[in-house]
Amino acid sequence: MDAAVAPPAGESAATAAVAAVAAVGITKRFPGVVANNGVTFEAQTGEVHALLGENGAGKTTLCNVLTGLYKPDEGELRVDGLPVRFRSPRDAHAAGIFMVHQHLKLVESMSAAENVVLGWSRGRGLRFSPRRVEREVAEVAEQYQMAIDPDAKIWQLSLGERQRVEILKALCRGARILILDEPTTVLTPQEADQLFSSVREMAAAGSTIIFISHKLPEVMAVSNRITILRKGVVIGTLKAAETDTTTLAEFMVGHEITEQSRAERGTSAGVGRPALELQDVSAVGDLGLEALHEVSLSIEPGEIVGIAGVSGNGQRELAEVVAGLRRLSRGAIRVEGEPLLPGDARAAIDSGIAYIPEDRMGTGVAPNLSIADNLILKSYRGESLRLGPLVRRKRASLRAHELMKRFDIRAPGPHTLVRQLSGGNVQRVLLARELSSGPRVLVAASPTRGLDVSATQGVRKMLLDTAQRGVGVLLISEDLDEILHLADRIAVLYGGRVVGIVKPAEVTREQLGLMMAGAA
Ligand SMILES: Nc1ncnc2c1ncn2[C@@H]1O[C@H](COP(=O)(O)OP(=O)(O)OP(=O)(O)O)[C@@H](O)[C@H]1O
Ligand SMILES: [Mg+2]
């Protein structure tokens with residue numbers, strides 16, 4: 001199959017022009033892994049170039065090399081055909097290369113405008129004027145249709161708005177080559193469409209955009225060329241117009257993809273007390289407005305109930321009330337018939353609620369702790385205190401080894417820090433911890449966001465297996481196909497209310513879409 005792939009960029013006829021940016025034979029090693037192995041890659045001026053590959057294939061590493069965050073062990077970078085050597089991101093910025101990271105890096109307590117300005121005033125000396133800066137920011141925002149409220153504090157913004165701030169920050173500082181690492185994993189479909197039209201504008205204006213995504217249809221829709229990485233090696237570069245999603249998926253994983261659905265497996269939804277019951281639950285959101293309004297819902301043991309809806313219609317608050325992270329203003333929650341003490345995360349854990357939050361790095365895992373420590377974060381209290389600390393460490397390490405194997409967490413060892421893992425492996429750590437705690441209810445918020453094709457398949461299989469074992473699963477996802485694929489019943493949230501509960505077989509995508517828009 002490799003013979004059908006075009007040669008790596010740089011040797012093909014289409015690339016006669018000097019590349020805006022190029023990596024030539026880049027190798028980057030970490031203890032126990034070769035993250036990039038002789039990677040040769042280039043992107044043209046005015047091009048949207050996608051990087052594709054499984055979790056851990058080395059995409060982020062390559063981009064970190066391109067932006068001076070990592071020094072390559074071997075190989076060379078070129079900008080406009082000339083060799084460059086970056087000692088830090090500042091050098092890359094001076095060459096016009098900027099990256100919007102997979103996990104955003106904004107200062108939460110500052111406003112959007114302040115974040116854009118941060119680090120920009122340096123070197124401008126007396127010419128720096130905050131008023132002029134604000135005007136410039138507004139102009140750039142206007143040019144690329146990326147409206148933001150400059151005075152809003154970052155913590156008040158949605159993930160999509162935060163990302164706009166990051167992109168504006170790069171553009172205002174003179175980005176010519178903009179790297180977007182999985183930008184759409186935090187976006188609603190509408191926000192993603194907006195981003196794509198901005199990206200096209202930027203390319204038309206002569207910027208180069210390097211774009212990482214696991215979502216093949218969007219890769220096809222927005223990019224000119226696609227470079228595929230597998231285990232640190234470039235498999236090839238293809239023109240989007242000359243390939244299709246099936247081919248791309250197969251090149252990524254190196255074999256054919258098949259998937260089993262809920263319907264094929266049959267359901268084990270049983271009778272008896274519901275695993276989870278919400279009765280007239282209302283709750284207030286971060287901005288002080290009512291985010292959930294009299295939501296009533298029950299999930300049987302072994303049942304998967306999908307929550308469909310456009311993001312921002314109460315999904316996050318729903319997950320948080322069940323996980324004990326948000327107070328109720330009305331109503332009650334019961335787990336297997338027992339009332340749950342609301343707004344108490346420890347009580348939720350103790351009554352068997354497992355939670356996979358949307359915001360993994362923020363609330364899901366502790367990035368500065370090791371895999372082993374993250375895996376025992378929740379069970380720590382329950383561990384026998386009579387054991388000495390050394391014995392406990394040893395046990396934690398053994399358990400981590402076992403879970404890493406079972407959940408296919410790819411890392412040099414249990415002592416690797418979670419922040420050093422690829423995005424997909426972070427999610428596996430989280431799943432391993434939550435699913436191995438023997439839950440009765442699993443709340444999964446966008447559990448396959450940011451995962452590659454085969455990891456997505458793995459997580460979906462895990463959700464089905466979890467339900468099969470009698471756990472009630474609350475699956476929150478903006479991916480309608482995912483919900484239609486996995487759920488026994490679908491509840492549609494709109495404006496904080498459940499506007500309908502339907503069975504996947506009895507509804508079309510169009511009907512669901514209308515319900516999600518509040519029109520049915
Ligand atoms: N700072 C680091 N220290 C140690 N290992 C690292 C570090 N950064 C990346 N790695 C390892 O290098 C490999 C490639 O990781 P990378 O983050 O580049 O993958 P990726 O293609 O971006 O994956 P994903 O789609 O999951 O984000 C992985 O095995 C990862 O664990
Ligand atoms: Mg990555």
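Keep in mind it's a predicted model, so treat the numbers as computed, not measured.

Caption draft 1: Inspection of the overall build of the protein at higher detail. Secondary structure summary: the protein contains 18 helices and 20 strands in total. In the protein, buried positions account for 51% of the 520 residues. Pairs at least 24 residues apart make up 68% of the contacts formed inside the protein by residues separated by at least 6 positions. As displayed, the protein offers around 23300 Å² of accessible surface, 52% of which is attributable to carbon and sulfur atoms.

Caption draft 2: Expanded view of unusual backbone geometry. Not every positive phi belongs to a glycine, and Lys-231 is a case in point at roughly 50°. Structurally, the position occupied by Lys-231 is in the loop between β9 (225-230) and β10 (233-239). The phi dihedral of Glu-294 is positive, around 45°, even though this residue is not glycine. Take Glu-294: it is sitting in strand β12 (residues 290-299).

Caption draft 3: Just the site of ligand 1, in detail. For ligand 1, the set of nearby residues contains 19 residues, the closest of which are Asn-55, Gly-56, Lys-59, Thr-60 and Thr-61. The separation between an oxygen atom of ligand 1 and a polar main-chain atom of Ala-57 is 3.2 Å. Taking 640 Å² as the accessible area of ligand 1 by itself, protein coverage stands at 91%. Of all the secondary-structure elements, those providing two or more residues to the shell around ligand 1 are β2 (33-43), α1 (59-66) and α15 (423-435). Per-element accounting of the shell around ligand 1 gives the leading share, 3 residues, to α1. The residue inventory of the shell around ligand 1, partitioned by class, reads 5 nonpolar, 11 polar and 3 charged.

Caption draft 4: Here's a closer look at the nonpolar core. Within the largest apolar cluster, 50 residues are counted, with the highest numbers of intra-cluster contacts made by Ile-167, Leu-178, Ile-209 and Ile-228. Apart from the residues within four sequence positions on either side, Leu-178 is in contact with Phe-98, Val-100, Ile-167, Ala-170, Met-202, Thr-208, Ile-209 and Ile-210. The next biggest cluster of nonpolar side chains, apart from the first, holds 44 residues, and it includes Ile-409, Leu-431, Met-462 and Leu-464.

Caption draft 5: Structural view of a negative patch on the surface. On the surface, Glu-114, Glu-134, Asp-149, Asp-151 and Glu-161 cluster together into a patch of negative charge. Of note, Glu-134 is situated in helix α4 (residues 130-143). The exposure class assigned to Glu-134 is partly exposed, which follows from its relative accessible area of 43%.

Caption draft 6: Spatial organisation of the side chain of Arg-162. With respect to the helices and strands, the residue Arg-162 is situated in helix α5 (residues 159-172). Residue Arg-162 is classed as buried on the basis of its relative accessible area, which comes to 15%. A distance of 3.3 Å separates a polar side-chain atom of Arg-162 from the backbone oxygen of Ile-154.

Caption draft 7: The arrangement of the sheet that holds β2 in detail. Judged by pairing direction, the sheet is antiparallel, and its 4 strands sit side by side in the order β2-β1-β4-β5 without closing on themselves. Lying at the two open borders of the sheet, with one neighbouring strand each, are β2 and β5 (82-84). Strand-to-strand, the axes of this sheet are offset by a mean angle of 30°, without reference to chain direction. Both strand β4 (residues 74-79) and β5 contribute to a ladder of 3 bridges, which runs antiparallel. In the sheet register, Val-79 faces β5, and the bridge partner there is Leu-82. The strands that α1 touches are β1 (21-30), β2 and β4; relative to β1, the one it contacts most, it runs at about 115°.

What counts and how
- Residues numbered from 1 in each chain as written.
- Chains lettered and ligands numbered in written order.
- Predicted model: local features only at pLDDT ≥ 70, side-chain atom pairs only at ≥ 80, totals over all residues.
- Heavy atoms only, no water.
- Helix = DSSP H or I, 4+ residues; strand = E, 2+ residues; numbered from the N terminus.
- Buried < 20%, exposed > 50% of the residue type's maximum accessible area, 1.4 Å probe, protein only.
- Contact = heavy atoms within 4.5 Å.
- Areas by Shrake-Rupley, 256 points an atom, 1.4 Å probe, with all protein chains shown as cover.
- Near = heavy atom within 4 Å.
- Polar contact = N/O pair within 3.5 Å; in protein donor to acceptor, adjacent residues only side chain to side chain.
- Nonpolar A, V, L, I, M, F, W, Y, C, P; charged D, E, K, R; others polar.
- Core = buried A, V, L, I, M, F, W, Y, C linked by side-chain atoms within 4.5 Å.
- Patch = residues over 30% accessible without salt bridge, like charges linked within 9 Å, V, L, I, M, F, W, Y side chains within 5 Å.
- Salt bridge = Lys/Arg side-chain N within 4 Å of Asp/Glu carboxyl O.
- Lys, Arg positive; Asp, Glu negative; His and termini not counted.
- Charge placed at Lys NZ, Arg CZ, Asp CG, Glu CD.
- Pairing = 2+ DSSP bridges.
- Axes fitted to C-alpha atoms, helices over the stretch in contact; angles between N-to-C directions.

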